[in-house]
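Structure assessment
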Amino acid sequence: MYPIRRNRRLRTNKAIRSLVRETIISPNDFLVPLFVVEGKGIKEEIASMPNYYRYSLDLLEAEVKELWKLGLKSVLLFVKVPDNLKDNKGTEALNPDGLMQRAIKTVKNVCPDMLVMTDVALDPYSSFGHDGIIENGKIVNDDTVEVLAEMSLSHAQAGADFVAPSDMMDGRILAIRETLEDEGFTDTGIMSYSAKYASAFYGPFRDALDSAPVDAQEIPKDKKTYQMDYANRFEAIRETEMDIDEGADIVMVKPGLCYLDIVREIKNEVDVPVAVYQVSGEYAMLKAAAEKGWLNHDAVMMEQVTAIKRAGADIIASYFAKDVVKLIS
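Model, not experiment: these values are computed from the prediction. One numbering rule holds for all chains: residues counted from 1, following each sequence as written. Only residues with pLDDT of at least 70 are given local features in this predicted model, and only at 80 or more are side-chain atom pairs given and counted; all residues enter the totals for whole chains, interfaces and linings. Side-chain numbers come from the whole structure's heavy atoms, not from hydrogens or water.

1. Side note on the pattern of salt bridges
Counted only if it meets this: Take a side-chain nitrogen of Lys or Arg and a carboxyl oxygen of Asp or Glu: if they are within 4 Å of each other, that pair is a salt bridge. Starting at the N terminus, helices and strands are each numbered in turn, a helix being any DSSP run of H or I of at least four residues and a strand any DSSP run of E of at least two. For the exposure calls, accessible area comes from a 1.4 Å probe over protein chains only, and a residue counts as buried if that area is under 20% of its type's maximum, exposed if over 50%, partly exposed in between.
Summed over the entire model, instances satisfying the criterion amount to 17 salt bridges. K309 is the partner of D29 in a salt bridge, and the nearest nitrogen-oxygen pair spans 3.1 Å. Residue D29 is located in the loop between helix 1 (14-19) and strand 1 (30-36), and its partner K309 is located in helix 10 (residues 297-311); the two are separated by 280 residues in the primary sequence. A relative accessible area of 7% means that D29 is categorised as buried. Bridged by salt links that share partners, the residues E63, E66, K322 and K326 form one connected network.

2. Digging into the layout of surface pockets
For clarity, the threshold we go by: Definitions used for this entry: grid spacing 1 Å over protein atoms alone; cavity, a set of points where a 1.4 Å probe fits but cannot get out; pocket, an open set with protein on both sides within 12 Å along at least 5 of 7 lines; lining residue, one with an atom within 4 Å of a point. Grid points are joined across faces, edges and corners, and a volume is the space filled by probe spheres set on the points. All amino acids are sorted into three groups, where Ala, Val, Leu, Ile, Met, Phe, Trp, Tyr, Cys and Pro are nonpolar, Asp, Glu, Lys and Arg are charged, and the leftover types, Gly among them, are polar.
The computed volume of the largest pocket comes to approximately 440 Å³. In this structure, the largest pocket is lined by 14 residues; those nearest its centre are R17, R21, E22, T23 and I24. Ranked by the residues each element gives to the lining of the largest pocket, the list is headed by helix 10, at 3 residues. A breakdown of the residues in the lining of the largest pocket according to their chemical character gives 6 nonpolar, 3 polar and 5 charged. In this structure, the second largest pocket encloses a volume near 240 Å³. Lining the second largest pocket are 16 residues; nearest its centre among them are N51, Y52, Y55, E63 and K322. At the level of elements, strand 1, strand 3 (49-55), helix 2 (57-69) and helix 11 (321-328) are the ones that each hand at least two residues to the lining of the second largest pocket.

These values are about where atoms sit, not about what they do.
Structure, rendered in structure tokens:
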């Protein structure tokens, strides 16, 4: 066929490249993580996540309004819980007047149409920094699941549109689904962290929420007994299919860039939307490299989020969401 067929004709200039581009990034692709703290007038930068902040509820209002104006219509809420409210059973997670519950109401009051998703896990509330209750040095599954189901119900009662269990306990999706259904919250969705790996990329996030596992002899030093082994591929498909069978409306792969093969595998297998979390370590690495002048921040950022969508992501949870939308607009 050569030279009749010349592929470079479709790369000749920006106009033709744009016309035939297969993967398009828009504000509708993004879910924006937001970190919330107690107090007033607080907008504090996270040291390991440059240009990303924790907000008190009063300043959360302004941030949500800005996101909406940018066309970003979905947020994922996380809370930094004071140490004096933490215990082994995550008791504060069920407080109807807790920080998460008030954050949900704050977002809905200031922007009723904003889609609100909430983190469901015990680590922000745990005195040990783990996603589950600890007994005899082990993370106990079923007792933890009971708390997660009640936690999800509390979020739904506060006005959450979706709950997002990030804990990786077995059977928690079914327990949450049944609890929500029994209490009449049939329209509350579940976005399950279905393939969440025991990754080294979560460090800055744990700084943001002060939720890292504590270094104590009687408890696990990491989360490898419940988060997935990063060497495993087929396990991710099994986990995801089980969550869908239990009632998950959206499934997630976490982290992002090192797991795009998993994203494509899952996208090829399931018929529900697939989310990807571009995690704090991925964000921090690019920020650091760009600060050193080693990488072009915007160019690499766009290449990364495009790769995630190209791999099959329907939803991208990303700390870059505002930066991307400002750039493409």
